[in-house]
Amino acid sequence: MTSPDSQTESLDQQLLETITVQDRQYQKYSIDHHISFVPIDDEEEERLEIQHRVFQRVFDDRLIFPPVPRPRRVLDCGYGAGSWAIEAALRYPGCEVRARKAFCFKRTDRRSSKVTGVDISSHMIPDDIPDNLWLQVDDLNRPFTFPSNWFDLVHSRLLATGLNRSRWQSYFQDIKRVLKPGGWVQIVEIYFNVQSDNGSITEEHGLRQWSARFMRSLEDTKDLRVGTRLKTLMMGAGLVDVDARMIPLPLSAWSGDPRMREIGLANRDNVQRLFSALAHYPLTQRQHMPQEEFQALVTKAAQEADNPKIKAYFPV
Ligand SMILES: C[S@@+](CC[C@H](N)C(=O)[O-])C[C@H]1O[C@@H](n2cnc3c(N)ncnc32)[C@H](O)[C@@H]1O
């Protein structure tokens, strides 16, 4: 079906279907095809917005780190609630920002058509988006169909729960292909194995149990440790001038350093939701953990994340 605005085509019905599991909504297609097991409901949209604000504090309000002063074409892989893509489009009005998210859709010429079709993220994306932001729907596990030498910057943030383990190598090759010579890729991933600044987390802690169970629940299909090998992957794809940094993201306001304390305070709200949001489907549906056990684990992990003596952080 093509809309009256001829530049818009509707998504297949199957891409719009959702399923509800214990009050959380998921995209059915994504679950059925083992793409993403993260909810796509209002609660997740709110969490992603909070998380984006946290990252903006961590990155001192910079959206783009590499030297791309006047980006013309930017690709945002996995736009989620659209926070980064919308801000980038507003901050760089002379730039077209393209953002990709799960699922395919019949496309018109991507060079001239503004995609506004309904997608999995239509309820995570605000109604009003900047004119220079084009949203389209696709599965990033599949090869990119963008022209070569096209983008000044590719931004990719928190896709470890959605990209297949076997995809990372070709993902970076695709990114390299679509980047203009001299273009940049900027990627952020969380390593979900919670750490402690004073080494106080043991196997008995809910935080360690949550990390271990969550990572195990997806290990047949996703690589939740990919954050630790991004540099190797990028260099393997032939990207050059690669700079990788590990940044500790405090789970609550435990730090003595005022800036990190403020970040931890802001992140607390995200973290208290994240334990349940990310692990709910993988643990209760894929690993068949009883709901009560899951709730107890999440509550324990959340309490420990809040305990200033544990000094818990995620390596980012
Ligand atoms: C954790 S969210 C991060 C959203 C955004 N990048 C941010 O940092 O706020 C991950 C997003 O990637 C999308 N995603 C996951 N796997 C994907 C895939 N294989 N193809 C396209 N999008 C995917 C999810 O639907 C979700 O919206």
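Residues numbered from 1 in each chain as written. Predicted model: local features only at pLDDT ≥ 70, side-chain atom pairs only at ≥ 80, totals over all residues.

1. Quick look at the packing of helix 3 (residues 42-58) against helix 8 (residues 258-286)
Next, step 1: One can describe the packing of helix 3 onto helix 8 by two numbers: an axis separation of 9 Å at closest approach and a directional angle of 150°. If you check the angle between helix 3 and helix 8, you find them roughly antiparallel. For the pair helix 3 and helix 8, the sense of crossing is left-handed. Counted together, Glu44, Arg47, Ile50, Gln51, Arg53, Val54, Arg57 and Val58 of helix 3 and Glu262, Ile263, Ala266, Asn267, Asp269, Asn270, Arg273, Leu274 and Ala277 of helix 8 form the full contact between these two elements.
Next, step 2: Here the residues of the contact of helix 3 with helix 8 sort into 7 nonpolar, 3 polar and 7 charged. (Axes fitted to C-alpha atoms, helices over the stretch in contact; angles between N-to-C directions. Helix = DSSP H or I, 4+ residues; strand = E, 2+ residues; numbered from the N terminus. Parallel < 35°, antiparallel > 145°, perpendicular 65-115°, else oblique. Left-handed = near helix turned anticlockwise from the far one by under 90°. Contact = placed C-beta atoms within 7 Å. Nonpolar A, V, L, I, M, F, W, Y, C, P; charged D, E, K, R; others polar.)

2. Regarding the nonpolar core
Next, step 1: Membership of the largest hydrophobic core comes to 72 residues, with the highest contact counts inside it found for Ala85, Val154, Phe275, Ala301, Ala312 and Phe314.
Next, step 2: Of all the elements, helix 8 adds the most residues to this core, at 9 residues.
Next, step 3: Per-domain counts for this core show at least three residues from each of domain 1 (68-93 + 110-188) and domain 2 (189-315).
Next, step 4: Phe275 has contacts with Trp210, Val298, Ala301 and Ala302, leaving out every residue within four places of it along the chain. (Core = buried A, V, L, I, M, F, W, Y, C linked by C-beta atoms within 7 Å. Buried ≥ 20, exposed ≤ 12 C-beta atoms within 10 Å, placed from the backbone. Domains from an automatic or database assignment.)

3. Some thoughts on the environment of Ile31
Next, step 1: Positionally, Ile31 belongs in helix 2 (residues 28-32).
Next, step 2: Considered as a pair, Ile31 and Ile19 are 12 residues apart in the sequence and their alpha carbons are 8.9 Å apart.
Next, step 3: Not counting residues within four places of it along the chain, the set of residues in contact with Ile31 comprises Ile19, Tyr26 and Phe37.

Coordinates in, geometry out; function isn't part of it.
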